[in-house]
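Each chain, letter by letter, is given below.
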Amino acid sequence: MSHIEKPAKAGGFSSLQSTMKQVLRSQKTKQNIKNLLRVNQTDGFDCPGCAWGDNDHGAFQFCENGAKAVAWESTGKTVGADFFATHSVRQLATQSDYWLEYQGRLTEPMRYNPATDHYEPISWDEAFALIAEQLKGLDSPDQVEFYTSGRASNEASYLYQLFGRLFGTNNFPDCSNMCHEASGVALIQSVGIGKGTVELDDFDRADAIFVYGQNPGTNHPRMMNALRQAARQGCKIVSFNNLKEVALERFASPQSPLELLTPAATTISHQYLTPKLGGDMAAMRGMAKYILEEAPEAVDRDFITRHTQHFDAYEQQVRATGWAEIVQQSGLTQAEIVQAARVFAASSSVISCWAMGITQHLHSVDTIREIVNLHLLRGQLGKPGAGLCPVRGHSNVQGNRTMGINEKPTQAFIERIEDHLQVSLPRAPGHNVYEALKALHAGQSKVLVCLGGNLAAAAPDTAFTYAAMAATELNVQISTKLNRSHLQVGKAALILPCLGRTELDIQRSGSQKITVEDTFSMVHASTGVAEPVSGLCLSETDIVARMAHATLGSERVDWLALRDDYGRIRDLIEKTIAGFSDFNARIQQPCGFHLDNSAAQLMWRTASGSAEFRASQLPVSMLPECTRHAEQMVDQPVMLLQSLRSHDQYNTTIYGMDDRYRGIKGQRNVVFMNEQDARHLGLDEGARVDMAAICNDGRERIVTGFSVVLYDIPQGNIAAYYPETNPLVPIDSVGEGSFTPTSKSIPVLVTLSRQSENLLQRS
């Protein structure tokens, strides 16, 4: 058995200790204690971490990982001209991602000098002039890629997409393309809107909550309070997750004195199932099969008749799917699936939540449509405590899409802007992340502008991604901290330092608010409270406005006037995006306002005008074409790898080397493996192994020196951290219909490490 020691519960006193540790490490202890008291408060700033919704009550509206995000951003450590004079780009490239960001906040704009291999100071005016010169010199507007992180505010995102479209392109690759794109695609097809249908209060009203492919204890810790409260009220929570995660087993609220100071905790999951990677769709098909064949009284025939189409084809497909196929593909027993189905069938109000354990597979779109099918089957939409909840990652990733960060904008969206500004905008679809990287790699695109994020670390197929970014004629990074993307320099590169969420944003009209949209379609204001780390840092909105002004002038849009008063940007949003009437007034309300959800109101904006059952066959293979038939390509056992985050991590930002909830201390190069698989491969716990991806494109993809950790995970499946395993994900291994990297289903060979072999030979 494993020698690691997982905690008996998540949360509790250990979370409080971890929070204080990060605050102390920030070198701004007093300021960050003040910051935490203003996180997610009506008069404060939105957490720069996850997109979970806010309550309108309680003095503490932050979680452990939110506190890490705040302390990581608001740090006393800084990176300026002296730092870059000391460190060449080549030297920086040898450092870890953790080391790079740990150096502190960027404080002044920098330009890469290829002659010296160092970044050197540049004035803001010179930086904007260089960007304008490069953009105006392109042969086509479609030779620039405007990438966006989910951290950017609504105001910055709106100006960014308006700038890009007035420049002439719909190339808006963004972080959604790598995480929840499948959710948007599937939901639009099935119910006509690409957002979740529930509000935060629905979690207090649900009789059952199904959690698929998600580890909220690490990735959305505030969600644990909602699950804890629901469980304590008698709601049955059924979790489907490939690994056993302690937070979904037992959770102690740090705000409960009893659970904080004693071993007491709340049992979260009524039932916890660990399907094979990619097996969730088969499990859901089994649940539907049980309901249709064994509990037909649970089928809401009236809802189906009034609100849906294609039920007969779906029912025929479900009945034709055999239990043997369901059991084999899901990795669960029929009895386990039936037990979950009985909970779904017996509950009057059901919420289904999911995250990247569902969305990063070949057949993710079909899997999410299967979740929707279950809800349509039982009429579990449009009523209190029931509905669909794709749990978004970064804090405004959903708002970015609402603001138009979309490579395939709707005709209605484009027409509203055209009508108001009396302009013509491009209609042809632009590039998503996959298409942008391919175009940059091939030299078809020339300029990359990144509004936040760390594309080099977030994207798959690391060698391919690095080469694509290094092929640019100009790489512009708008950032708070040094990261891997700054080191893929191309012919020219700029680092433009921006304000963080915690910091005051003062423009000519005074202190500015920004707005964000959470997982539940709540739009609310955020106001920084701390002094900026440097007088040379500009807000993201300011940077975008000045790029646009330098490139396009102000004949059609007065960019600098919008920059001077963000209320004017919100006025423009109100006039050009549906649902934002009285925008400036409504953000004065505690917790902001809710954007109406058509599907929650049982209005279906699909082509048919009804909610649509989608009758998909179970996948023939978990693997895309470029990795299919992996077993026939080699004569060794093939393991299916998923990448995941540690508890000391958010997206690509690594706060430390521990993963407390999985019992890992001081290391990240680990691979979680079933004990029987390890024994079959002749590996003991702690053995050092290499992992090589199997792909038929002729490229070698390998990572080395990972330590085996025995873990509760299905046979044939393994797991390791991201971005360390991104090199193993082939660029062409993407989800059908979504182009999302298949980072949860990577076929690999696991062998004794070359490092270990060398040590044995020397001894």
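All values derive from a computational prediction rather than experimental measurement.

The rules behind the values
- Residues numbered from 1 in each chain as written.
- Predicted model: local features only at pLDDT ≥ 70, side-chain atom pairs only at ≥ 80, totals over all residues.
- Heavy atoms only, no water.
- Phe/Tyr/Trp six-rings, centres within 6.5 Å; stacked < 30°, edge-to-face > 60°.
- Lys NZ or Arg CZ within 6 Å of the ring centre and 35° of its normal.
- Salt bridge = Lys/Arg side-chain N within 4 Å of Asp/Glu carboxyl O.
- Helix = DSSP H or I, 4+ residues; strand = E, 2+ residues; numbered from the N terminus.
- Pairing = 2+ DSSP bridges.
- Axes fitted to C-alpha atoms, helices over the stretch in contact; angles between N-to-C directions.
- Contact = heavy atoms within 4.5 Å.
- Parallel < 35°, antiparallel > 145°, perpendicular 65-115°, else oblique.
- Nonpolar A, V, L, I, M, F, W, Y, C, P; charged D, E, K, R; others polar.
- Buried < 20%, exposed > 50% of the residue type's maximum accessible area, 1.4 Å probe, protein only.
- 1 Å grid on protein atoms, 1.4 Å probe; cavity = no way out; pocket = protein on both sides within 12 Å on 5 of 7 lines; lining within 4 Å.
- Points joined across faces, edges and corners; volume = space filled by probe spheres on them.
- pLDDT = per-residue confidence, 0-100.
- Polar contact = N/O pair within 3.5 Å; in protein donor to acceptor, adjacent residues only side chain to side chain.
- Arc of directions from axis to C-beta.
- Disulfide = S-S within 2.5 Å.

S.K.: I'm lost on the packing of aromatic side chains in this one. Help?
M.R.: The geometry of an aromatic ring pair is captured by the separation of the ring centres together with the interplanar angle, meaning the angle of the planes. Inspection of the entire model under this criterion finds 26 aromatic pairs. Through successive ring pairs, a cluster of aromatic residues spans Phe 83, Phe 84, Trp 99, Tyr 112 and Tyr 119. One Lys or Arg, Lys 244, reaches over the ring of Tyr 272 and ends 5.3 Å from the middle of that ring.

S.K.: For this particular structure, what's the right way to read the pattern of salt bridges?
M.R.: Counting across every chain of the model gives 29 salt bridges. One salt bridge in this structure joins Arg 319 and Glu 315, with 3.1 Å as the shortest N-O distance. Here Arg 319 pairs with Glu 315, and both are found in helix H15 (residues 311-320), just four residues apart, close to one helical turn. Within this structure, Asp 174, Glu 181 and Arg 401 form a network of salt bridges that share partners.

S.K.: Just to check I follow, could you spell out the sheet that holds strand E14 (residues 387-390) for this structure?
M.R.: Strand pairing in a sheet relies on backbone hydrogen bonds. The paired strands run either parallel or antiparallel. Taking strand neighbours across the sheet as the criterion, the five strands line up as E11-E8-E7-E13-E14 in an open arrangement whose pairing is parallel. At either margin of the open sheet sits one strand with a lone partner, and together these are strand E11 (271-273) and E14. Recorded for the sheet is a direction-independent mean angle of 15 degrees between the axes of neighbouring strands. Direction of pairing for strand E8 (residues 236-240) relative to E11: parallel, over a ladder of three bridges. Across the sheet, residue Val 238 finds its bridge partner in E11, namely Gln 271. Of the strands in this sheet, strand E7 (208-212), strand E13 (350-354) and E14 are in contact with helix H19 (residues 364-377), which crosses E13 at around 175 degrees.

S.K.: How do you make sense of the packing of helix H13 (residues 280-294) against H15 when you look at a structure like this?
M.R.: Describing two packed helices takes the angle between their axes plus the distance from one axis to the other. The N-to-C vectors of H13 and H15 enclose an angle of 105 degrees; their axes lie 9 Å apart at closest approach. Taken together, the axis directions place H13 and H15 in an arrangement best described as roughly perpendicular. For the pair H13 and H15, the contacting residues are Arg 285, Ala 288, Lys 289, Leu 292 and Glu 293 in the first and Phe 311, Tyr 314, Glu 315, Gln 317, Val 318 and Arg 319 in the second. Along the lines of polarity and charge, the residues of the contact of H13 with H15 split into five nonpolar, one polar and five charged.

S.K.: What is the right way to read the pairing of E7 from this model?
M.R.: On a regular strand, one side chain projects to one face of the sheet and the next to the other, so that they alternate. Here E7 lies mainly inside the structure; five of its five residues are buried. Alternating positions in E7 separate into two faces, Ala 208, Phe 210 and Tyr 212 on one and Ile 209 and Val 211 on the other, with burial throughout. In this sheet, E8 lies alongside E7 in parallel orientation, the contact comprising five bridges. Bridge pairing in E8 places Ile 209 opposite Ile 237.

S.K.: When you look at empty space enclosed by the protein in this model, what are you seeing that I'm missing?
M.R.: Where empty space is left becomes clear once a probe the size of a water molecule has been rolled over the atoms. What the rule picks out here adds up to seven cavities of 30 Å³ or more. The volume enclosed by the second largest cavity comes to roughly 200 Å³. Contributing to the lining of the second largest cavity are 17 residues, with Leu 499, Gly 500, Arg 501, Asp 505 and Ile 514 lying nearest its centre. Broken down by class, the residue content of the lining of the second largest cavity amounts to three nonpolar, eight polar and six charged.

S.K.: In this structure, what is going on with the sheet that holds strand E22 (residues 593-594)? I would like to understand it.
M.R.: Within the open sheet, the three strands sit side by side as E20-E21-E22. Their pairing is antiparallel. Bordering the open sheet on either side are strand E20 (514-517) and E22, each of which pairs with just one other strand. Across four bridges, the pairing between E20 and strand E21 (residues 522-526) is antiparallel. Looking across to E21, one finds that Ile 514 is bridged to Ser 526. On top of the sheet, helix H8 (residues 154-167) reaches E20 and E21; it is set at about 90 degrees to E20, its chief contact.

S.K.: Please explain unusual backbone geometry as it appears in this structure.
M.R.: Between Tyr 722 and Pro 723 the backbone carries a cis peptide bond, its omega angle lying at 10 degrees. Note on placement: Pro 723 falls in the loop between strand E30 (717-721) and strand E31 (746-752). Backbone geometry places Asp 582, a non-glycine residue, at a positive phi of 55 degrees. Residue Asp 582 is classed as partly exposed on the basis of its relative accessible area of 49%.

S.K.: Is there a simple way to think about the layout of surface pockets in this case?
M.R.: Of the voids in this model, the largest pocket is the one considered here, and its volume is about 1,400 Å³. Considering the residues around the largest pocket, the lining is formed by 45 residues, among which Ile 188, Ile 193, Gly 194, Lys 195 and Thr 410 are closest to the centre. When contributions to the lining of the largest pocket are tallied by element, the ones reaching two or more residues are helix H9 (181-191), helix H20 (397-402) and helix H21 (411-421). In terms of residue class, the lining of the largest pocket is made up of 14 nonpolar, 21 polar and 10 charged.

S.K.: Can you help me understand the environment of Ile 694 in this one?
M.R.: In this structure, Ile 694 sits in the loop between strand E28 (688-693) and strand E29 (702-710). A sequence separation of 232 residues divides Ile 694 from Thr 462, and the C-alpha atoms of the two residues are 15 Å apart.

S.K.: Please clarify how the confidence of the model for the protein chain should be interpreted in this entry.
M.R.: Segments scoring low in pLDDT should not have their predicted coordinates read at a detailed level. Overall, the prediction assigns the protein chain a mean pLDDT of 92, with 93% of residues at 70 or greater. Within the model, the stretch residues 757-763 combines pLDDT values under 50 with two contacts to residues more than four positions away or in other chains.

S.K.: What is the right way to look at the pairing of E13 in this model?
M.R.: Counting buried positions along E13 yields five of five residues, so the element is predominantly enclosed. Here E13 shows two buried faces, one formed by Val 350, Ser 352 and Trp 354 and the other by Ile 351 and Cys 353. The pairing of E7 with E13 spans five bridges and is classified as parallel. When the sheet's bridge partners are listed, Val 211 is paired in E13 with Cys 353.

S.K.: Would you mind going over helix H27 (residues 566-576) with me for this structure?
M.R.: By the burial criterion, the buried members of H27 are Tyr 566, Gly 567, Ile 569, Arg 570, Leu 572, Ile 573 and Thr 576. Measuring from the side-chain oxygen of the N-cap residue of H27 to the backbone nitrogen of Gly 567 gives 2.9 Å; that N-cap residue is Asp 565.

S.K.: Could you clarify how one ought to interpret helix H16 (residues 323-330) in this entry?
M.R.: Since the α-helix turns once every 3.6 residues, residues separated by three or four places project in the same direction. Residues of H16 that are buried: Trp 323, Ile 326, Gln 329 and Ser 330. Buried residues along H16 cover an arc of 140 degrees about the axis, so they all sit on one side. Gly 331, located one to two residues past H16, shows a positive phi value of around 80 degrees.

S.K.: How should the environment of Ala 288 be read in this particular structure?
M.R.: Structurally, Ala 288 can be placed in helix H13. For Ala 288, a relative accessible area of 0% puts it in the buried group. In this structure, the C-alpha to C-alpha distance between Ala 288 and Gly 12, residues 276 residues apart in sequence, is 38 Å. When sequence neighbours within four positions are dropped, the list of residues in contact with Ala 288 reads Tyr 314, Val 318, Leu 374 and Leu 377.

S.K.: Would you mind going over the state of the cysteines with me for this structure?
M.R.: Think of a disulfide as a covalent bridge from one cysteine sulfur atom to another cysteine sulfur atom. Using the criterion set out here, one finds zero disulfides in the structure. The closest cysteine sulfur to the non-disulfide-bonded Cys 389 is located on Cys 353, 4.3 Å from its own sulfur. Of the residues examined, Cys 389 reaches a relative accessible area of 1% and is grouped as buried. Free cysteine: Cys 450, not disulfide-bonded; nearest cysteine sulfur from Cys 175 at 11 Å. The exposure class assigned to Cys 450 is buried, which follows from its relative accessible area of 1%.

S.K.: In this structure, what is going on with the packing of H16 against helix H17 (residues 334-346)? I would like to understand it.
M.R.: The interhelical angle for the contact between H16 and H17, taken along N-to-C directions, is 95 degrees, at an axis separation of 10 Å. Taken as axis vectors, H16 and H17 run roughly perpendicular relative to one another. Along its contact with H16, which presents Trp 323, Ile 326, Val 327 and Ser 330, the element H17 presents Gln 334, Ile 337 and Val 338. For the contact of H16 with H17, a count of residues per class yields five nonpolar, two polar and no charged.

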